[in-house]
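Descriptive analysis of the structure
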Amino acid sequence: MNRDEIPPGTLYLLILKTLALQGESHGYEIANSIQRTTEDVLQVEEGSLYPALQRMLIKGWVTAEWGTTAGNRRARYYKLTASGRKQLALEISQFERVIGAITRVIQTA
Amino acid sequence: MPKPLELLRRIRMLLHRDRFQSDLEEEMRLHLDLREQEQREGGLSSQAADQAAYRRFGNPTAIKEKSHLTWGWVWLEDFLEDVRYGFRSMLRSPALTAVALLSLALGIGANTAIFSFLDAVMLRSLPVKDPSQLVLLGRGDDSGVTDSYGSTTLYSYPFYRLMQQKNAVFSDVAAIFSMSNRAHGTIDGRDEVEEMHIQLVSGTYFPTLGVQPALGRALTDEDDNTEGDHPVAVVSYAWWKRALAGDPAVLSRKIKLGTTIFNIVGVAPPEFFGTNVGEAPDVWIPLSMMNTAPLSFNGYKDDFYQSMLLMGRLKPDVSMEQATSNVNVLYQQITRAFPDANLNPRNLANLSKAHVVLTPMATGLSSLRNRFSDPLKILMGVTTLVLLIACANIANLLLARSTARAREFAVRQALGAGRMRLVRQLLTESLLLAVVGGLLGVGLAAFADRLLLRMISGGPDVIPLDVSINLRLLLFNLAVTVATAILFGIVPALRGTRVDVTDALKDGRGSASGTSRSPLGKVLIVAQVAISLVLTVGAILFIRSLVNLTKVDTGFNREGVLRLEVDSNVTGLKGDDPRMIAMFQQIEERVNALPGVKAASFASFVFGQGSWNTEIRVPGMEAREDINVKHNVIGNDYFAALQIPLLGGRTFGPQDTATSHRVAIISERMARDLFPPGVNPIGHHYYTRLDPRPDSDVEVVGIVKDVKFRTLQEPPQYIDYIPNPQHPWGYGDLAVRYSGDFNTVSNEVQQAIHSVNRTLPISRITTLDEQVTRSITNQRLVAQLSAFFGLLAVFLSCIGIYGLMSYIVSRRTNEIGIRIAIGASRADVRWLVMREIVLLVAAGIAVGIPITLAGSRFVSNMLFGMSGVNWISLVASVASLLLVGLIAGYLPARRASRVDPMVALRYE
């Protein structure tokens, strides 16, 4: 199984987008969801989700609440805030700008 | 993104970091468990599933640390950790900690104490509105009354009024009477008189300063527009609390001064002490009342009664240059336009030379500043040097300890601690030492301030100076503390952490690393000895200067004279009233008749009490404007009371009355220099003013020996003495030569005075000797303090030498053991160590001598009776430093000589 590293700086984007699509999720669900959606192309070192989530909590992009999983275990569920949605839009437009520029370089070649 | 919210969240994380930590752990555990479960369901064995889960997750510890970092508090947690560790390591070596803290507390405390005086006397701004806008006309370095043309310090009241009206540069101008007055008055409803410090000011004084009263109203221009009919007073807050016990009805209280009753109209705010640092008037009275007893200054309308300091508040957009030029133009215009201006060529020449300098007045006026700025600067330098020695000492101790801790650092570095992390920890430990030392220093300074203030005051009346610990002082203290921590901490920290890990981890007292650290320690010792030399030589110089001063021949016999002051103003009589003259003579007679009294006499000045001087004119000699003669008005037995030898002619007697022919007795120096050579001055006439007017003509009837008049340092003065009936002025200082018990005589003298007039207030009872001693208070202060700090410096250096040598000896125990084993005698070993000490001290002295020579030139103007290089002081200091250095080093040397080779070598 040969998977590509995610481009640097896009981890926040991936998490934000995942939360926007799925609503409340805990860390394990977010990791699985990213993997599923990208059809196993992108590889996230799963642990690195957690420092990123901590940082997003501080930034106020997400809030966290403890809840119970289907398997009846305690899990921390993250939810997007209004400022998180704004950040998502911002990250998307930034990402598209960068990708667009890179694509233009590739096409002229 | 609102930042404050983010900070709030960070702080919440800091406060509940245990919960956040466990939340994170639980979350990560769940993740791993779920992944493992998934893998197992996919068919892996439980061990393989576990491994796969970890592989996909990454290193949980590293991830935890990374999350931790995002909280942004690592620095704080590290710091707290360091502080905790620092405390533990301080307690682990209590002796070192005690020595370090003691020397730091003394060093920082002394610095803070001296700085608080420097601050109070020289730096602090007046507690008024925008003090930086205030300027003084002239330099403010004079006080009194002068009628000479071209005075740019003292001005007349009419001049003040014209300047106030005509200037274009000040928003307001105020006049301050240059003499402060101690007068006796009565508070309504009381019998006894009380002494008060009275300050005459113009009505514009408070408005110009922008000072709002705490109660009632301030003085205004209305109180000062007509002479004699505004008996109002503003009292100080401290006086209100002290003398009136904070009476809320203060505004209906009255003060009787002489025969005039003043209504209290206001109380100044608590922080306001006037404009003169080191003086705190009790009562402010408008200048319009200057001629009411007891003040009796007849100068409200006199164009040339120049007795006031003028202060202006610059308009906001006016520069100093503009103000100076405007003031100088007006100065010439106003003075020349006075109708009674005597514009003879001499006065015109003086006027045209006069230039008014504007002096910033933000820090107020201060006679203390002139007296104490040099001593304070010197003491500040001395205490800084002491602190440097203390720093060197602690650096040395820490160096020794950090070498002893080399193993610990090696272990920590081997376990992965970064060098900067270790440096930071060592610096934190230094900072901790410094902060504790600094706190102790503040406590010490608070105590030392009170002691110093008493020493500076030099008498029972403590100078009203606020030297309490304030914010500026604490900031200064903090800066000094941090600077010392860095100074003594950085080198040991860098040195201590530069370890060769494998070498240090090998067992034993490595001989290689032992020698690599000593040079730095030795350099520090050399520096300490050099600074100690500077300080001891300084101390010896100041002490010898003080001794010289106490040995000065005053011209009078300072022993066995009682001194007191009588305030005759309470009688309401003018000085030339025959009843007043008779009263003084009667007191002199009664006191003279007392059993223990040999001679008693009043005088205007006895010693160090200011002067009244004028130019004189001696017929047959050229008129000299640059020579002032000091006049002293005395009673008939003055020379007997002070035992001033009469060199020719006669003293005054009953024949010298107000109506008899006017006479004077002159000093030896005046007779020699100011009278025609070859002519006996006795019988010669002269004028006590420059103008040869008949009413100032006197005949010389006697010549007396030169005396010191204002200070012990002054060269011989030109002095003449005038009998009281012929010029009754400012009289009231009594000098009594007595034998027997001071207190008995003092009581008898006071009873005798009150038997003549019951109401006369008597104050400042002391001895002449005490009075003379008090005049050299600041020299004594500098001598005592520099001696104290000199001793402290030597003591600290001794600790340094002792510490370093003990350390070196313990590092070289193996070597010494081998030397003894192969036949070195105890004496050889002792000499081995002592030689090192002698070399260190000698090197320090060699470095210190040129610095000392340069430094002593710097203080030479503060030394009395010494000139050139002072070899005796230098040799004495060198000898004593060598001696104490050897004593300090002897103990480690003896310990070295007692090393048991068996024990020493077993260690290897």
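Sequence order sets the numbering: in each chain, residues are counted from 1 along the sequence as written. Numbering of ligands from 1 and lettering of chains from A proceed in the order in which they are written. Totals for whole chains, interfaces and linings use all residues, but because this is a predicted model, local features are given only for residues with pLDDT of at least 70 and pairs of side-chain atoms are given and counted only at 80 or more. Only hydrogens and water are removed before side-chain values are computed, so all heavy atoms of the structure are retained for them.

**A look at the overall build of chain A**
- On a plain count of helices and strands, chain A comes out with four helices and four strands.
- Secondary structure elements follow DSSP: runs of H or I no shorter than four residues count as helices, runs of E no shorter than two count as strands, and numbering proceeds from the N terminus. The helix and strand sequence of chain A, counted from the amino end, reads β-α-α-β-α-β-β-α.
- Projected onto its principal axes, the C-alpha positions of chain A cover 55 × 35 × 20 Å.
- Of the contacts made within chain A by residues no fewer than 6 positions apart, 51% connect residues no fewer than 24 positions apart.
- Computed with the Shrake-Rupley method and a 1.4 Å probe, the accessible areas treat only the protein chains shown as cover for residues. For chain A, the accessible surface area stands at approximately 6,100 Å², while carbon and sulfur atoms represent 54% of it.
- Side-chain charges of chain A comprise 13 positive and 11 negative groups, with the mean position of each set lying 9 Å from the other. Whether two residues are in contact is decided by their heavy atoms: any pair within 4.5 Å suffices. Here Asp and Glu are counted as negative and Lys and Arg as positive; His is not counted, and neither are the chain ends. To locate a charge, the coordinates of NZ of Lys, CZ of Arg, CG of Asp or CD of Glu are taken.

**Side note on the packing of aromatic side chains**
All names here are of chain B.
- Whether two aromatic rings pair depends on their centres lying within 6.5 Å, for rings of Phe, Tyr and Trp, where Trp uses its six-membered ring; planes under 30 degrees apart make the pair stacked, over 60 edge-to-face, and the rest tilted. According to the stated counting rule, one finds 28 aromatic pairs over all chains in the structure shown.
- Aromatic pair Phe272 and Trp284: ring centres 5.4 Å apart, planes at 35 degrees, arrangement tilted. Within this pair, whereas Phe272 is found in the loop between β8 (260–267) and β9 (283–286), its partner Trp284 is found in strand β9, the two being separated by 12 residues in sequence. Of the two residues, Phe272 and Trp284, both sit in the buried class.
- Plain terms: the ring middles of Phe556 and Phe607 are 6.0 Å apart, the flat faces sit at 65 degrees to each other, and that makes the pair edge-to-face. Residue Phe556 is found in the loop between α17 (511–550) and β12 (561–566), and its partner Phe607 is found in the loop between β13 (597–603) and β14 (612–614); the two are separated by 51 residues along the sequence.
- Judged by its relative accessible area of 6%, Phe556 falls in the buried class.
- Only protein chains enter the accessibility calculation, which uses a 1.4 Å probe. A residue is then buried if its area is under 20% of the maximum for its type, exposed if over 50%, and partly exposed in between. Under the relative-accessibility criterion, Phe607 is labelled buried at 1%.
- A connected cluster of aromatic rings, assembled from ring pairs, spans Tyr205, Phe206, Phe272 and Trp284.

**Let's talk about helix α21 (residues 742–756) of chain B**
All names here are of chain B.
- Here α21 contains 15 residues, and its C-alpha end-to-end distance of 21 Å stays within 8% of the 21 Å for a straight helix at 1.5 Å per residue.
- Residues of α21 that are buried include every one of Val745, Ser746, Val749, Ala752 and Ile753, and no others. Buried positions in α21, seen along its axis, are confined to an arc of 125 degrees and lie on one side of it. Exposed residues pointing more than 90 degrees away from the buried face of α21 are listed as Asn743 and Gln751.
- Each element contacted by the buried residues of α21 is listed here: β12, α18 (578–592), β13, β21 (733–738) and β22 (762–767). Multiplying one less than the number of residues by 1.5 Å gives the expected span of a helix. Along the arc lie the directions from the helix axis toward the C-beta atoms.

**Some thoughts on the interface of chain A and chain B**
- At the junction of the two partners, chain A supplies 27 residues and chain B supplies 24 residues.
- Here the buried area means the combined drop in accessible surface, using a 1.4 Å probe, for two parts upon being joined, counting both sides. Summed over both partners, the interface of chain A with chain B buries about 2,500 Å², with 54% contributed by carbon and sulfur atoms.
- If you sort the residues of chain A by the area they bury against chain B, A:Tyr28, A:Tyr50 and A:Ile58 come out on top, with a joint share of 29%.
- Think of a polar contact as two N or O atoms within 3.5 Å of one another; within protein, one of them needs to be a possible hydrogen donor and the other a possible acceptor, and neighboring residues in sequence only count if both atoms come from side chains. Taken together, chain A and chain B are joined by 16 residue pairs in polar contact (both at pLDDT 80 or more).
- Counting residues per element, the side of chain A that touches chain B draws most heavily on helix α3 (residues 49–59) of chain A, at seven residues.
- Note on residue categories: nonpolar means Ala, Val, Leu, Ile, Met, Phe, Trp, Tyr, Cys or Pro, charged means Asp, Glu, Lys or Arg, and polar means any other residue, Gly included. Considering only residue class, the side of chain A that touches chain B consists of 11 nonpolar, eight polar and eight charged.

**Concerning the environment of B:Asn167**
Residues and elements named next belong to chain B.
- Its location among the elements puts Asn167 in the loop between α7 (157–166) and β2 (170–177).
- A residue is classified by how much of its surface remains accessible, and Asn167, at 11% relative accessible area, is buried.
- Sequence-wise, Asn167 and Leu330 are 163 residues apart; in three dimensions their C-alpha atoms are separated by 7.3 Å.
- Leave out the neighbours within four places in its chain, and Asn167 touches Val173, Asn326 and Leu330.
- A distance of 2.7 Å separates a polar atom in the side chain of Asn167 from the backbone nitrogen of Phe170.

**Focus: the confidence of the model for chain B**
- The pLDDT value expresses, per residue, how confident the predictor is, ranging between 0 and 100. The predicted model of chain B has a mean per-residue pLDDT of 87, with 97% of residues at 70 or higher.
- Scored below 50 in pLDDT, residues 508–517 of chain B shows 16 contacts in the model against residues more than four places distant or in partner chains.

**Remarks on the state of the cysteines**
Residue and element names in this part refer to chain B.
- Disulfides are defined as cysteine sulfur pairs within 2.5 Å. In this structure the tally under the stated criterion is zero disulfides over all chains.
- Here Cys391 stays free of any disulfide, with the sulfur of Cys798 as its closest cysteine sulfur at 18 Å.
- Cys391 sits in the buried class, given a relative accessible area of 4%.
- On the basis of relative accessible area, Cys798 is assigned to the buried category, the value being 17%.

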